[in-house]
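What follows is the residue order along each chain.
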Number of protein chains: 2
Amino acid sequence: MRELEERIRRDGIVEDGDVLKVDSFLNHQMDVELFAAMGREWARLFAEEGVNKILTIEASGIGIACVAAQQFGVPVVFAKKSRTKNIAGDVYRVEVPSFTHGGVSDVIVSKRFLGPADRLLLIDDFLANGAALEGLLELARQAGALVVGAGVAVEKAFQPGGDRLRAKGLRVESLARIQSMSPGHIEFC
Amino acid sequence: MRELEERIRRDGIVEDGDVLKVDSFLNHQMDVELFAAMGREWARLFAEEGVNKILTIEASGIGIACVAAQQFGVPVVFAKKSRTKNIAGDVYRVEVPSFTHGGVSDVIVSKRFLGPADRLLLIDDFLANGAALEGLLELARQAGALVVGAGVAVEKAFQPGGDRLRAKGLRVESLARIQSMSPGHIEFC
């Protein structure tokens, strides 16, 4: 999506270690008008899929998912990164490695909010190694829900997550795919 | 706001220990059409205040804030609960006690995204003891930003946070104020 690519070129900051900072508009400060445009694009791409729920993961996916969901007219469920091991009640649960914080997060969704009737669109801000989307896929599998695809804002296409997920048969629609980057330079696919 | 009160009556679940579960529409599964109605109400209430940014705190405030921000035409900044003590870069920082998880969270906002030119509306899903909003007020104070008020979805008016914040001079607009509750019964102010 040209609007997102232009914004990344203008306001994204590439740091050493393959870090792309887009925190001025995507995942700390958030440009909700841009999110609405992204939502319209995913709604166009997935128009035929009968999406009835959007599934995302806290924290930075939530804003994008909620604004996008308005374009679909469906609710959002966000998977929670649990810091307490003794959660009461019935939850689907998966372990997701965290590259930002290190270690592993226990990620959960209440069984009341995912089930076999659901046609899910997964939404997340970044796709790099694919750990977060793999976790959401596993939660959907446990629930017996159908995943019609994933909407990603920024894919680091030089990292393996996108290829691996597509090889599994997941439709991944990334609105900006970065082929390579270095400080001061970003090339899109 | 009648629409929110009715939804709480219909789908809210009161559990022992003054716990109100609204996770089917507010803070786990999220009804974004309801969030839009809430956003319209805050936009009406704060129409004269020149809000130029919304400040919230992860995780469950983010969705409400982003949908509401579309009614104001302003960006959202969310304060991050830091799990790493060694954050690089310049941040405003405050400690916020967590009643859900226990202990204390280090809550941070990048100095790039809050400053003296900002007229902030704080948004959060719940107001009970007021710890989260007090933390956001402190971050705004560090930044020299003006806080024009706080928009809260559900206030437990029988807990001290709302009164304490209002006594400090903060304008708090809670869309549903619960006077008392017990399993099977909710009374609004």
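Just so you know, the residues in each chain are numbered from 1, in the order the chain's sequence is written. As a convention, the first chain written is A and the first ligand written is 1, with the rest following in written order. Confidence filtering applies because this is a predicted model: local features only for residues at pLDDT of at least 70, side-chain atom pairs given and counted only at 80 or more, and all residues used for totals across whole chains, interfaces and linings. Hydrogen atoms and water are omitted, and side-chain values are computed over all heavy atoms in the structure.

Trainee: Describe the interface of chain B and chain A, listing the residues and the values that go with them.
Mentor: With 39 residues of chain B at the interface, the matching set in chain A holds 39 residues. Any carboxyl oxygen of Asp or Glu that lies within 4 Å of a side-chain nitrogen of Lys or Arg is treated as forming a salt bridge with it. On inspection of chain B and its partner chain A, the count reaches 2 salt bridges. Here Asp23 of chain A and Arg112 of chain B are joined by a salt bridge, their closest N and O atoms 2.5 Å apart. Two N or O atoms count as a polar contact when they lie within 3.5 Å, although within protein this holds only if one can serve as hydrogen donor and the other as acceptor, and sequence-adjacent residues are included solely when both atoms are side-chain atoms. Seen at the junction of chain B and chain A, the total is 10 residue pairs in polar contact (both at pLDDT 80 or more). Helix and strand labels come from DSSP, where a helix needs a run of H or I of at least four residues and a strand needs a run of E of at least two; each type is numbered from the N terminus. When contributions to the side of chain B that touches chain A are tallied by element, the ones reaching two or more residues are β3 (29-30), α2 (32-45), α3 (60-72), β5 (76-82) and β7 (104-110) of chain B. The greatest single-element share of the side of chain B that touches chain A, amounting to 7 residues, is contributed by α3 of chain B. A contact between two residues is defined here by any heavy atoms of the two lying within 4.5 Å.

Trainee: Break down the packing of helix α1 (residues 2-11) of chain B against α2 of chain B for me, with residues and values.
Mentor: Residues and elements named next belong to chain B. Here an angle of 0 to 180 degrees is reported between the N-to-C directions of two axes, which are lines fitted to C-alpha atoms, with helices fitted over the stretch in contact. Interaxial distance between α1 and α2 falls to 10 Å at its minimum, and their mutual angle equals 145 degrees. On α2, the residues touching Glu3, Leu4 and Arg7 of α1 are Leu34, Ala37 and Met38. Partitioned by chemical class, the residues of the contact of α1 with α2 number 4 nonpolar, no polar and 2 charged. Each residue receives one of three labels: charged for Asp, Glu, Lys and Arg, nonpolar for Ala, Val, Leu, Ile, Met, Phe, Trp, Tyr, Cys and Pro, and polar for the others, Gly being one of them.

Trainee: So, the pairing of strand β5 (residues 76-82) of chain A: which residues are in play, and what are the values?
Mentor: Relative accessibility under 20% of the residue-type maximum defines a buried residue, over 50% an exposed one, and the middle range a partly exposed one, all with a 1.4 Å probe and only protein chains included. Extensive coverage of β5 of chain A is indicated by the burial of 5 of its 7 residues. Looking down the strands as they point away from the viewer, one classifies a crossover as right-handed if the path from the first strand across the helix to the second runs clockwise. As a crossover connection, the stretch from strand β4 (residues 53-57) of chain A through helix α3 (residues 60-72) of chain A into β5 of chain A is right-handed. Strand direction decides the pairing type here: β5 of chain A and β3 of chain B, joined by 2 bridges, are antiparallel. Directly across from Val77 of chain A, in β3 of chain B, lies its bridge partner Gln29 of chain B. The pairing of β5 of chain A with strand β7 (residues 104-110) of chain A spans 3 bridges and is antiparallel. A pair of strands counts as paired when DSSP detects no fewer than two bridges linking them.

Trainee: Mind laying out the packing of aromatic side chains, listing which residues take part and the relevant values?
Mentor: Centre distance within 6.5 Å is the pairing criterion for rings of Phe, Tyr and Trp, where only the six-membered ring of Trp is used; planes under 30 degrees apart are then read as stacked, over 60 as edge-to-face, and the remainder as tilted. Under the criterion given, the structure shown has 0 aromatic pairs over all chains. Definition used: whenever NZ (Lys) or CZ (Arg) falls within 6 Å of the ring centre and also within 35 degrees of the ring normal, the charge is taken to sit over that ring. Note that Arg171 of chain A overlies the ring of Phe46 of chain A, its terminal NZ or CZ placed 4.4 Å from the centroid.

Honestly, that's just the spatial picture; any functional story needs more than this.
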